Amino acid sequence: MRKTLYLKFVLAYFIFGVFGFIIVTTFVPNMTKEQLIREKAENLYYEATLIAGTYASGLYTSETSLETVKVQLDSLAVYLNSTIRIINPSGRLVLDTNTPINVEDIVVIDNFDPTITSGSYYTIGNFFGNFDRDVLSVLAPITSNYMVKGYVVIHCDMADIEESCNSLLNISYITLVILFLLSLIILIFFTEIVYIPLRKITHATEQYAAGNMHYEFQVDSEDEIGYLAACLNYMANEIARSEDDQKKFVANVSHDFRSPLTSIRGYLEAMIDGTVPPEMYDKYLKIVLNETERLTKLTNSLLTLNNLNTKGMLLDRTDFDINKVIRETAASFEGTCRQKNIAIEMVLTGDIMYVNADMGKIQQVLYNLMENAIKFSHHNSVIKIETAEKRNKLFVSVKDTGIGIPKEDLKLIWDRFYKSDLSRGKDKRGTGLGLSIVKEIISSHGEHINVISTPGEGSEFIFSLAHSNKNDEED
């Protein structure tokens, strides 16, 4: 079996992992770094604005001393892990939290330009060559009497931000690995729930395609795949049963054809070679004629079953009097009943009872049921035919007091060529197709037929027919 589906799924799993790793390593670091820089810049700018409006402005209005401001800013610089400076517009360094106060040693930042932020509130770089590494710098103006007196500048080492960024990225990488490992559960789930059952189903279909319809497999699942497996198993069992029935059918047909043909050939050869004297020809020719009638009946029954089983079979449905059909069919057995001294008792509903069905086929049903009833009834017995109306249905019953049918044979009597052990002694000329034809005809009408039987006491066959609206019109 080709394993392309499973390999595709595994390949998709690894592609998902690779692309996930590429995306995380390519886009996430820059996005994380930018986000940390913006957050840090916002916080520092907020602090710079507060300093510019309090400590620094008091320094320029002589409300506080440089030493007092230096102490306050030193503490704040430690808290912010940053460097805080106060710079004049000319670039002269007024205060730096990293160096002590020295009014005699004047420090000037060359090329100082407060517009370096370019419309933003922060910039990244060495701040006019003041640092040997990149720093994040924010500037907040110190104003007094609507004039800019100086600037509060806070510097944060970019190495600290990158370290925080790397810590967050490590968490992202670890999370990605954990998700990748956890996603193995999906692969395992797919393997156990989908792939293995699908492989069993595929192997089973290969076995069925090879003709092994008796191959059995089991998928323990209650979802669609389990239902598919159950349907496939059922289909194979039905096909296997159909093949067995076909083999049995061919064997039965061959046997039922071979027996009369053997008899005919034996008698004719005996007549030709002189074993049978001429004065006995009439006797054996009648036997041969009876055997040919048996073959004719078997052939007609097979043709009838073949027509009944044809899909799309059209029924010539009409409204007809079932009571009349029952009486006419019973009358056709008058000679046979007289020979066995059997009486036919009819208990019919009303003088006229219309049903909607194919009259010819229902007449054949009645003929087959009555023929069986007479064949398996004892001498000096009674066959009862009765009709009854229930829920817009007419039920027809044919009951005899003959040999009956064993319980284990009741489900088999509808099979073609089936003959129970009790019937074999009496049914010498039967084909075993009569009840199969009955079942097919009744089923083609969308109706049902049932049997009630007790060995030694007799059998009763009951079938239903659709009630005709013509009865209401007659009323």
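Attention here is on the structure that accompanies the text. Everything numeric here is computed off the predicted structure, so don't read it as measured data. (Residues numbered from 1 in each chain as written. Predicted model: local features only at pLDDT ≥ 70, side-chain atom pairs only at ≥ 80, totals over all residues. Heavy atoms only, no water.)

What to know about the overall build of the chain
Logical step 1: Scanning the chain from N- to C-terminus turns up 14 helices and 12 strands.
Logical step 2: Relative to the globule expectation of 23 Å for 475 residues, the C-alpha radius of gyration of the chain, 52 Å, shows a markedly less compact shape.
Logical step 3: Expressed along its principal axes, the backbone C-alpha trace of the chain runs to roughly 165 × 65 × 35 Å.
Logical step 4: Taking all contacts inside the chain whose residues are at least 6 apart in sequence as the whole, residues at least 24 apart take part in 67%.
Logical step 5: Of the roughly 28200 Å² that the chain leaves accessible, carbon and sulfur atoms contribute 55%.
Logical step 6: Computed over 45 positive and 61 negative side-chain charges, the separation of the two mean positions in the chain equals 12 Å. (Helix = DSSP H or I, 4+ residues; strand = E, 2+ residues; numbered from the N terminus. Rg over C-alpha atoms; globule rule 2.2 N^0.38 Å. Contact = heavy atoms within 4.5 Å. Areas by Shrake-Rupley, 256 points an atom, 1.4 Å probe, with all protein chains shown as cover. Lys, Arg positive; Asp, Glu negative; His and termini not counted. Charge placed at Lys NZ, Arg CZ, Asp CG, Glu CD.)

Regarding the pattern of salt bridges
Logical step 1: This model, assessed by the stated rule, comprises 10 salt bridges.
Logical step 2: Arg85 is the salt-bridge partner of Asp96, the closest N and O atoms lying 3.2 Å from each other. Of this pair, Asp96 sits in strand E2 (residues 93-96) while Arg85 sits in strand E1 (residues 83-87), and the two are 11 residues apart along the sequence.
Logical step 3: Residue classification places Asp96 among the buried residues on the basis of a relative accessible area of 7%.
Logical step 4: Of the residues examined, Arg85 reaches a relative accessible area of 7% and is grouped as buried. (Salt bridge = Lys/Arg side-chain N within 4 Å of Asp/Glu carboxyl O. Buried < 20%, exposed > 50% of the residue type's maximum accessible area, 1.4 Å probe, protein only.)

Structural notes on the packing of aromatic side chains
Logical step 1: Taken as a whole and assessed by the stated rule, the structure comprises 7 aromatic pairs.
Logical step 2: Judged by centre distance (6.4 Å) and plane angle (55 degrees), the rings of Phe14 and Phe180 are tilted. Taken as a pair, Phe14 in helix H1 (residues 4-26) and Phe180 in helix H5 (residues 158-182) lie far apart in primary sequence, 166 residues in all.
Logical step 3: Arranged with centres 5.1 Å apart and planes meeting at 70 degrees, the rings of Phe127 and Phe128 form a pair that is edge-to-face.
Logical step 4: When its relative accessible area of 3% is taken as the criterion, Phe127 is described as buried.
Logical step 5: With relative accessibility at 26%, the residue Phe128 sits in the partly exposed group.
Logical step 6: A network of ring pairs unites the aromatic residues Phe112, Phe127, Phe128 and Tyr151 as a single cluster. (Phe/Tyr/Trp six-rings, centres within 6.5 Å; stacked < 30°, edge-to-face > 60°.)

Observations concerning H5
Logical step 1: Its 25 residues place the ends of H5 36 Å apart at the C-alpha level, agreeing with the 36 Å of an ideal helix rising 1.5 Å per residue.
Logical step 2: Among all positions of H5, only Met158, Ile161, Cys165, Leu169 and Leu176 are buried.
Logical step 3: In this structure, the buried side of H5 is in contact with H1, helix H2 (28-53), strand E3 (122-125), strand E4 (135-144) and strand E5 (147-157).
Logical step 4: Its side-chain oxygen 3.0 Å from the backbone nitrogen of Ala159, Asp157 forms the N-cap of H5. (Expected span 1.5 Å × (residues − 1). Polar contact = N/O pair within 3.5 Å; in protein donor to acceptor, adjacent residues only side chain to side chain.)

Quick word on the nonpolar core
Logical step 1: In this structure, Ile322, Ile326, Ile362, Leu366, Leu369, Phe461 and Phe463 are the most contacted members of the largest nonpolar core, which totals 37 residues.
Logical step 2: For this core, the secondary-structure elements that each account for two or more residues are helix H9 (322-331), strand E8 (354-358), helix H11 (359-375), strand E9 (382-390), strand E10 (393-399), helix H13 (434-444), strand E11 (449-454) and strand E12 (458-467).
Logical step 3: Tallying contributions element by element places H11 first for this core, with 7 residues.
Logical step 4: Setting aside residues no more than four positions away along its own chain, Phe461 makes contact with Leu369, Val396, Ser397, Val398, Ile405, Ile413, Trp414, Leu435, Asn450 and Val451.
Logical step 5: In terms of nonpolar packing, the next biggest core, distinct from the first, is built from 30 residues, Val69, Leu80, Leu95 and Leu136 among them. (Core = buried A, V, L, I, M, F, W, Y, C linked by side-chain atoms within 4.5 Å.)

Looking at unusual backbone geometry
Logical step 1: Although it is not a glycine, Asn145 adopts a positive phi angle of roughly 50 degrees.
Logical step 2: The residue Asn145 is located in the loop between E4 and E5 in this model.
Logical step 3: With phi around 65 degrees, Tyr146 is a residue other than glycine that occupies positive phi space.
Logical step 4: Structurally, Tyr146 is set in the loop between E4 and E5.
Logical step 5: The class for Tyr146 is exposed, based on a relative accessible area of 86%.

With respect to the environment of Val28
Logical step 1: The residue Val28 is located in helix H2 in this model.
Logical step 2: Residue Val28 is classed as partly exposed on the basis of its relative accessible area of 23%.
Logical step 3: Residues Val28 and Ser172, 144 residues apart in the sequence, show an inter-C-alpha distance of 8.5 Å.
Logical step 4: For Val28, the residues in contact, after removing those within four places along its chain, are Ile23, Leu169 and Ser172.

Examining the environment of His448
Logical step 1: Locating His448 in the fold gives a position in the loop between H13 and E11.
Logical step 2: Judged by its relative accessible area of 59%, His448 is exposed.
Logical step 3: For the pair formed by His448 and Phe463, sequence separation is 15 residues and the distance between their alpha carbons is 5.7 Å.
Logical step 4: For His448, the contacting residues outside a window of four places in its chain are Ile442, Ile462, Phe463 and Ser464.

Things to note about the sheet that holds E4
Logical step 1: Ordered by their spatial adjacency, 5 strands build an open sheet running E2-E1-E5-E4-E3, and the pairing between neighbours is antiparallel. What marks the edges here is a single partner per strand, and that holds for E2 and E3. Adjacent strand axes in the sheet meet at a mean angle of 25 degrees, parallel and antiparallel pairs treated alike.
Logical step 2: Looking at chain direction, E4 and E5 are connected through 10 bridges and run antiparallel. Its bridge partner being in E5, Ser137 is matched across the sheet by His155. (Pairing = 2+ DSSP bridges. Axes fitted to C-alpha atoms, helices over the stretch in contact; angles between N-to-C directions.)

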